[in-house]
Amino acid sequence: MNTTKATRRTTLALGLGLALALGLGVTAQASAGAPRSVSGKPSDNITRIADFYGAYIDAVTDEGSGDLRDALRAHYLTPAFQKELNAWEEKEHADGVLRAQNVPLAWKVTDNGTTAARTEAVVTLTWSAGQTSTLVVDMTRGSHKIFHIGTKGVAGK
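Residues numbered from 1 in each chain as written. Predicted model: local features only at pLDDT ≥ 70, side-chain atom pairs only at ≥ 80, totals over all residues. Heavy atoms only, no water.

**So, helix α3 (residues 45–61)**
- The end-to-end C-alpha separation of α3 is 24 Å, in line with the 24 Å expected for 17 residues at 1.5 Å each.
- With 12 of 17 residues buried, α3 is to be regarded as a mostly interior element.
- What α3 keeps buried is the set N45, I46, T47, R48, I49, A50, F52, Y53, G54, Y56, I57 and A59.
- Of the surrounding elements, those touching the buried residues of α3 are α4 (66–76), β1 (106–114), β2 (118–126), β3 (132–140) and β4 (146–150). (Helix = DSSP H or I, 4+ residues; strand = E, 2+ residues; numbered from the N terminus. Expected span 1.5 Å × (residues − 1). Buried < 20%, exposed > 50% of the residue type's maximum accessible area, 1.4 Å probe, protein only. Contact = heavy atoms within 4.5 Å.)

Put into structure tokens, the structure is as follows:
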């Protein structure tokens, strides 16, 4: 056996043994916690709104994914709301889905009520330094399309 390979294996084994003796492996495992899971279903509007925001934030975060951003808008937003959003963006010089010029670090979607025609959700966006903002998103129950994003829902518009 090559002595360099033998030395590397011995060094690696000693390093692992030292890490285990110091409890480093146990600390890393304990801090990881229980496995996380996310679930949803396409027939649930809250799931769809959460899916949209997750994918949209990924798209605007990832470099060169403007086509995906536009495709997500086309898929999840009503055509009339897409036009309304474009006009809002022209006026405000910001992203209309996020209502901001930058991209949040995290998001959370909470059910805010359902009627026969629509579902309303509150989207909480987390920015740097732990600051948050909230948006109200309304989605049709039939077509599962977002037709409003704002600081108030359509009922309070």
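Picking up after the structure, the text goes on.
**So, the nonpolar core**
- Membership of the largest hydrophobic core comes to 26 residues, with the highest contact counts inside it found for I49, F52, Y53, V123, L125, I146 and I149.
- Breaking this core down by element, the ones donating at least two residues are α3, α4, α5 (79–92), β2, β3 and β4. (Core = buried A, V, L, I, M, F, W, Y, C linked by side-chain atoms within 4.5 Å.)

**Structural notes on the side chain of T124**
- Tracing the backbone through its elements, the reader meets T124 in strand β2.
- A residue is classified by how much of its surface remains accessible, and T124, at 19% relative accessible area, is buried.
- Sequence-distant contacts of T124, defined by excluding residues within four places in its chain, comprise A106, W107, K108, T132, S133 and T134.

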